Amino acid sequence: MTTSKRFSAAKNDKFAGNVHKRGSVVLGGQRNANKMPVGPMMLGFFLFVVVGSSLFQIIRQATSGQPGF
């Protein structure tokens, strides 16, 4: 992958600036560690669909009288 000189120079400058800050540099993956990737409403909806469909399946199978697998 080719990168421009400006991009690679900026990357090198950022690294060079962090060399003497051992242990106190914020890593790229830890910036958004506290932020949830999915909102609570979407998580609740997903759980409602999954749990509701499994309960519906169990009730439907129990009332049909057919043994499960």
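The coordinates are above.
Figured I'd write up the structure that's included with this text.

Rules of the game
Within each chain, residue numbers correspond to sequence positions counted from 1 in written order. Note on the predicted model: pLDDT of at least 70 is required for a residue's local features to be given, and 80 or more for side-chain atom pairs to be given and counted; whole-chain, interface and lining totals, by contrast, use all residues. The side-chain numbers reported here are obtained from all heavy atoms of the structure, hydrogens and water having been left aside. Only runs of H or I of at least four residues qualify as helices and only runs of E of at least two qualify as strands under DSSP, and these elements are numbered from the N terminus. Only protein chains enter the accessibility calculation, which uses a 1.4 Å probe; a residue is then buried when its area is under 20% of its type maximum, exposed when over 50%, and partly exposed in between. Residue burial considers only the protein chains on display, and all accessible areas are found by Shrake-Rupley using a 1.4 Å probe. To estimate the expected span of a helix, subtract one from its residue number and multiply by 1.5 Å.

Quick notes on the overall build of the protein
A tally of helices and strands in the protein yields two helices and zero strands. Residues classed as buried in the protein amount to 0% of the 69 residues present. If you sum the accessible surface of the protein, you get close to 7100 Å²; carbon and sulfur atoms cover 65% of it.

Considerations on helix H2 (residues 40-64)
Taking 1.5 Å as the rise per residue, H2 with 25 residues should run 36 Å; its terminal C-alpha atoms sit 36 Å apart, in good agreement. Just downstream of H2, glycine 65 is the residue with a positive phi angle, here 80°.

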